[in-house]
Amino acid sequence: MSHISEALRHNTPGLNGYWGNKGTVSVRFNVYGVSVCVLNSHLAAHDHQNEMRIMSYDMVLGGHTYSNENTSAIMYHDYVFWMGDLNFRLQEGTFSFEEISMKVSLNELQDLLEVDQLTQARKEGLAFSEVDETLPQFKPTFKLKVGTDVYDAKRRPAWTDRILYKVNTGNYDDVKLKLTQQNYRSHPEFYESDHKPVSSFFRIAVFSNKLADQLLLKAFHPVVKFHIDEVYLDEDNVLVYTVDTKDMRYLRSWDWIGVYRADTFNLETYVAFLWAPSHPARDNAYELYFDENVFIRSGKYRLAYHSSDSRDILGISPPFPARVRDLVPEVGVEASEEL
C-alpha cells in the first residue's frame, strides 16, 4: 500500500443515478511511477437494452474525472482496466437458445462472437472502442442454473462478464510502456451464481528504481520506514521511524500516525493516533511518544503513516508484538568486610 499514491475514487449509479443496483465505480492511483485507472461496471440487463449500455459507457467516460492534473480523465492514464458484468448479449434476431447451446457444445464459439453486442459496438466505434479485448475463448458465462453447469432457458447464453484494457504506450518521451495479458479465462468450478466468474492476469511495465530516483517519483518506495521490535503493555513507549533526506519534501504539518491491531488491520479502525512530529529528533530519525493508555492489550500491532494533503499512506510497519515486560529478579550480593 505504501507504493501507491494519489488514490481517488468515482462512482456513477446506473441510468444517470436512478438505478441503485447498476452503475460504475472507478479507482485511479499511481504505483511504481505509472498511473492506473480501474473500473468495474454493472450495466443494464436484457438483450434489448444495448443502446442503454452504450449510453452508460459514454456517461462514465465523460463523467468520471479526477483532480490529478495529468490524469483528469479515464483514458489519460498509463493503464486502464475496465471490467464487470457489462451485460452485453448476442444480437437480437440471430441465434435461439437451442442454437447457442448446440454451438457451445460443439465449441463453435466464433460464430457466436461475430454477433456479440460488445464486439460489434467496439468495431463500430459506439462503445469501448478506446480499450482492447482479447476475444473470449471460453464458453458464455451467463445464464446458468445456480449450482450447475446447465444454461437456463430463461435467457440466451452470452458473454456478459468481460475484462478490457488499454496501455498508452506513448505517454512518455524516453519510456515505452508495455502491457502483456497472460491469460483471460472463466472459472466454471464456481456454482454460487447464475454467472461464471471471469479473471485475467496482466503484466505491466513500470519505472525502474534508477529512473524513478532520477525523476523523483513519489511512492516508488515507502517514504517512511518504521524501526520497531516490540512494545510493552501499560507503559510509555518511544517508537522510531526514519525518512531519507530526499523524501522529506513529502511530509506535511498535519500528517498523522495510526495504531492498528495487526489481526484486524483496516485503515478506518485505528485504536489510537499521534500527530507526526514536525522535526526529527536526530539526523533523519523521528520519535513517537505513546503513553501507557495506548498499548493495553497483548497481541500484534501495526503503525501506518498518513499524509494529510494527499491522503496517501507513506509507510506501514511490519506487525510488532505488545507484551508485559519481563521482571528480572534482583540478584543479591553478599557483602563482606575485610577485618
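Keep in mind that this is a model prediction, so the values were computed, not measured.

### Some remarks on the overall build of the protein chain
- Check the secondary structure of the protein chain and you find 6 helices and 16 strands.
- Against the globule reference of 20 Å for 339 residues, the protein chain gives a C-alpha radius of gyration of 27 Å, more extended than a compact globule.
- Across the 339 residues in the protein chain, those meeting the buried criterion constitute 45%.
- Residue pairs in contact within the protein chain that sit at least 24 positions apart in sequence constitute 63% of those at least 6 positions apart.
- Summed over its atoms, the accessible surface of the protein chain is roughly 18,900 Å², and 51% of this surface lies on carbon and sulfur atoms.

### Things to note about the side chain of K196
- Structurally, K196 is set in the loop between β6 (179-186) and β7 (198-204).
- Judged by relative accessible area, K196 falls into the buried class, the value being 5%.
- Side chain to side chain, K196 and D149 meet in a polar contact 3.3 Å long.
- In this structure, K196 is in contact with T141, L144, T148, D149, D161, H187, P188, F190 and Y191, ignoring residues within four places of it in sequence.

### Observations concerning helix α3 (residues 97-105)
- Of the residues making up α3, those classed as buried are F97, I100, K103 and V104. Looking down the long axis of α3, one finds its buried residues gathered within 130 degrees of arc, a one-sided arrangement. Turned more than 90 degrees from where α3 packs its buried face, E98 and S105 sit exposed.
- Residues of α3 that are buried make contact with α4 (109-113).

### Topic: the packing of aromatic side chains
- In this structure the tally under the stated criterion is 21 aromatic pairs.
- Look at Y241 and Y286: their rings are 5.1 Å apart centre to centre, the planes differ by 5 degrees, and that puts the pair in the stacked class. Within this pair, whereas Y241 is found in strand β10 (residues 237-243), its partner Y286 is found in strand β13 (residues 285-290), the two being separated by 45 residues in sequence. The residues Y241 and Y286 share a single accessibility class, namely buried.
- Feature note: the residues W254, W256, Y260, Y270, F273 and W275 constitute an aromatic cluster, connected by ring pairs.
- We note R53 situated over the ring of F88; from NZ or CZ to the ring centre the distance is 5.4 Å.
- One Lys or Arg, K196, reaches over the ring of Y191 and ends 4.0 Å from the middle of that ring.

### Quick look at the sheet that holds β13
- Taken together, the 3 strands give an open sheet; going across it, the order is β8-β10-β13, and neighbouring strands pair in antiparallel fashion. The two strands at the open ends of the sheet, each matched to only one other strand, are β8 (224-227) and β13. Put simply, the sheet's adjacent strands are angled 30 degrees from each other on average, direction ignored.
- Inspection of the sheet shows β10 paired to β13 by 6 bridges, in the antiparallel sense. Looking at the pairing, Y241 lines up with Y286 of β13.

### Some thoughts on the confidence of the model for the protein chain
- Overall, the prediction assigns the protein chain a mean pLDDT of 90, with 91% of residues at 70 or greater.
- Contacts of residues 335-339 to residues separated by more than four positions or lying in other chains number 0 contacts, the stretch itself having pLDDT below 50.

### A short note on the pattern of salt bridges
- Evaluation of the coordinates by the stated rule reveals 16 salt bridges.
- Residues E108 and K103 are paired through a salt bridge, measuring 3.2 Å at the closest nitrogen-oxygen approach.
- Notably, a salt bridge pairs D116 with R162, separated by 2.9 Å at the nearest N-O pair. Taken together, the residues D116 in the loop between α4 and α5 (117-123) and R162 in strand β5 (residues 161-167) connect sequence positions 46 residues apart. Residue D116 shares its accessibility class with R162, and that shared class is buried.
- If you follow the salt bridges from partner to partner, you end up with D47, R89 and R156 in one network.

### Observations concerning the environment of H187
- Topologically, H187 is positioned in the loop between β6 and β7.
- Exposure remark for H187: the relative accessible area of 13% places this residue in the buried category.
- Considering only alpha carbons, one finds H187 and V198, 11 residues apart in sequence, at a separation of 6.2 Å.
- Beyond its immediate sequence surroundings of up to four residues, H187 is in contact with K196, P197, V198 and S199.
- Within the structure, the side chain of H187 is placed 3.5 Å from the side chain of R185, a separation counted as a polar contact.

Calculation notes
- Residues numbered from 1 in each chain as written.
- Predicted model: local features only at pLDDT ≥ 70, side-chain atom pairs only at ≥ 80, totals over all residues.
- Heavy atoms only, no water.
- Helix = DSSP H or I, 4+ residues; strand = E, 2+ residues; numbered from the N terminus.
- Rg over C-alpha atoms; globule rule 2.2 N^0.38 Å.
- Buried < 20%, exposed > 50% of the residue type's maximum accessible area, 1.4 Å probe, protein only.
- Contact = heavy atoms within 4.5 Å.
- Areas by Shrake-Rupley, 256 points an atom, 1.4 Å probe, with all protein chains shown as cover.
- Polar contact = N/O pair within 3.5 Å; in protein donor to acceptor, adjacent residues only side chain to side chain.
- Arc of directions from axis to C-beta.
- Phe/Tyr/Trp six-rings, centres within 6.5 Å; stacked < 30°, edge-to-face > 60°.
- Lys NZ or Arg CZ within 6 Å of the ring centre and 35° of its normal.
- Pairing = 2+ DSSP bridges.
- Axes fitted to C-alpha atoms, helices over the stretch in contact; angles between N-to-C directions.
- pLDDT = per-residue confidence, 0-100.
- Salt bridge = Lys/Arg side-chain N within 4 Å of Asp/Glu carboxyl O.

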